[in-house]
Amino acid sequence: MCVCIYIKVALKLAISSAHARIEGPSIMALVAVAGSSRSTNTALEEKVAGVAALIDKWRPDDGQCSLFLDGSRREAGRFLCAAVELHGAMLLVASDVDQERGDECLVRAQGVLEAAMRRLQLELELLLSTVRSNAVDGAISGHDVVGDAGVVGHITMVADAMMAAGYGMECVSTFNSHRRAEFAAAVRRLLGFAPSQHAHFHKLTWEDVDGKVQSWHTAAGFAFNFAFSRERVLCHRVFAADAALADKVFAGIASDHAADLLAVAEAAVMRARRAPERLFHVLDVHATLAEILPAIACILGDKSEAAARATAALRNAGNAARGILMSLEQAIQKTTSSKAAVTGSAVHPLTRYVMNYLVLLADYEDTLARIYQQGESTLTSGSGSASRVSPSSSADSIGRLVSVLQRKLEAMAVGYRPSALRSLFMANNTHYVSKKVRGSSKLEGIVGEDWIEEQMAETRRHVDAFVHSAWRDVLVAGGEGADAAVKEAVATQRSWVVADDEMGDAVRAAAAAVVVPAYRALYRRHGTAAWMTPGDVNAMISRQFGGLRNEAAGARPVSAGSATSRRHRLRLTSFSDKLAHVQ
């Protein structure tokens, strides 16, 4: 009796909402039942018998076959209609205040209805198991979840029937759990790890985060630009009768996954600190966040938690990038004089490091432009004040680093003795700088043709200064001693090197243009059989720096003319370590 009373009370509470959920034909059928000569009890008993017969064939515990996938469409429709009509008949019995003899029938009907709903819940699970997200073996496949109209249509029919029969909570719970699991598996296949581990990201080392963020770019792009939008369409197709419910179901599926994915980006930015070698990871994260943010705002809502977190992560990535560039500038400035001298006035490791770094950085010009625009917008909004010497654009930041490098090279050159070696050091390094710029179309576009011309002119001035200093004793010789001065100059320069063949050609040409005519004049006035001829001097000069390339031991340098992909990064352990090995 207590069970019967509970069922009747529950059914009476559901009457008003149930009528709104039942399709028109079902309502008309219930009206016909109510108005017929047969009692509502008789009608209920018939409904119970009809549903029970279908349940005997399609048992709730038999997951080997599907009513929709293995049975006929007609029988599936009969099952759905019978279950909904049974629920409607129960509502009529429960609403009949004069009905006192239907309690036992109502209890039996409740048991049959629950069995029918368990079967439909199983059908929902079977149907959902055939719907796969668009990621297979880490790649986006051509399977279209939403495009599978047959399966999605069956899922919608089952959902409508369960909602109409008062089992909406069970329907939503089953749908939600299956789609969350499938979505998580698809993202996990792309990431190579479970993003739900984000709670532990703050404990990971940079190397661990670095390995995870590599695959994050693809996974985040897939999820936010593709999978989330299709998941939302699927939710709205299945729960088309209630848009608010569809949005709620989608939020339940997407919110945690969005948080997990964004946590990877947050960890990467947080772990970057101000290490120059980590800048390119931060720039990649910033570029990906900028790409997916519009999709997040569109699909999850611009007021959603995901949109707020993505916006904050984007801002933090920009701040981190600017901070890293400032750190690099300070590291250049703090390079000590004791580390300045290199054998034979070769191109300094600092020059190679910074210029290779800038070649890579130039490929991120658009990202840097957004970052500095973002910084200006933040300052304009009154959140802070900028330093008067801070760069305001990507071109300014790269140009500033070049200028800082040039000033540091000038300071380093002071430590070179004699003065000829100092001039050769500056010639080698300024030549290397301009050559790296000319070899990168993007870097060349950033600094401009005028700067390149000035830099090449500066190199020529250093070459001329080197020639006049290295051959000074020959040029000022008044007679005897010129021959010995030539030999001494050649011997002194034997251990000196040039940056490359191009620089060697320039130095030899400049020396020959100045030294040979001067020696020829002395030879004509004072030459003896013991003297070398001007041709001998010219031959000695032509053998100097004979194509020797000034390449330090280690890996090959980044080619000045090679294109650098967006995902290519400078693999460094630390700034100081790189100075010892960079090409």
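In short, a report on the structure. (Residues numbered from 1 in each chain as written. Predicted model: local features only at pLDDT ≥ 70, side-chain atom pairs only at ≥ 80, totals over all residues. Heavy atoms only, no water.)

1. Let's talk about the pattern of salt bridges
Here is the rule we go by: Just to be clear on terms, a salt bridge is a Lys or Arg side-chain nitrogen sitting within 4 Å of an Asp or Glu carboxyl oxygen. Only DSSP runs of H or I with at least four residues qualify as helices, and only runs of E with at least two residues qualify as strands; both kinds are numbered from the N terminus onward. Buried, partly exposed and exposed residues are distinguished by accessible area as a fraction of the type maximum, computed with a 1.4 Å probe on protein chains only: under 20%, between the cut-offs, and over 50%, respectively.
The final tally for this structure, using the stated rule, is twelve salt bridges. One salt bridge connects Asp256 with Arg180, and the closest N-O pair in it is separated by 3.3 Å. Residue Asp256 is found in helix 9 (residues 243-272), and its partner Arg180 is found in helix 7 (residues 168-191); the two are separated by 76 residues along the sequence. Residue classification places Arg180 among the partly exposed residues on the basis of a relative accessible area of 27%.

2. Describing the packing of aromatic side chains
Stated precisely, the cut-off is as follows: We call Phe, Tyr and Trp rings a pair once their centres come within 6.5 Å, taking the six-membered ring for Trp, and we label the pair stacked below 30 degrees between planes, edge-to-face above 60, and tilted otherwise.
Under the counting rule described, the total for this entry stands at twelve aromatic pairs. Judged by centre distance (6.0 Å) and plane angle (35°), the ring pair of Phe222 and Phe226 falls under tilted. Placement of the pair is Phe222 and Phe226 together in helix 8 (residues 206-238), with a separation of four residues, close to one helical turn. With relative accessibility at 2%, the residue Phe222 sits in the buried group. A residue is classified by how much of its surface remains accessible, and Phe226, at 25% relative accessible area, is partly exposed. For the pair Phe280 and Tyr364, a centre-to-centre distance of 5.7 Å together with 45° between the ring planes defines the contact as tilted. You can see Phe280 sitting in helix 10 (residues 279-300) and its partner Tyr364 sitting in the loop between helix 12 (349-362) and helix 13 (365-380), a full 84 residues away along the chain.

3. Some words on a negative patch on the surface
Which entries qualify depends on this criterion: Each patch is built from salt-bridge-free residues with over 30% relative accessible area, joining like charges within 9 Å and nonpolar side chains (Val, Leu, Ile, Met, Phe, Trp, Tyr) within 5 Å. Reported accessibility uses the Shrake-Rupley method at a 1.4 Å probe radius. Residues are deemed covered only where the shown protein chains occlude them. The charged-residue count follows a simple rule in which Lys and Arg add positive charge and Asp and Glu add negative charge, with His and chain termini not counted at all. The atoms used to mark charge sites are NZ of Lys, CZ of Arg, CG of Asp and CD of Glu.
Taken together, the side chains of Glu449, Asp450, Glu453 and Glu454 define an acidic patch exposed on the protein surface. Within the secondary structure, Glu449 sits in helix 17 (residues 449-470).

4. Describing unusual backbone geometry
Keep in mind that most residues, glycine aside, have a negative phi and that most peptide bonds are trans. Note the cis peptide between Arg417 and Pro418, where omega equals 0°. Looking at the secondary structure, you find Pro418 in the loop between helix 14 (394-413) and helix 15 (419-439).

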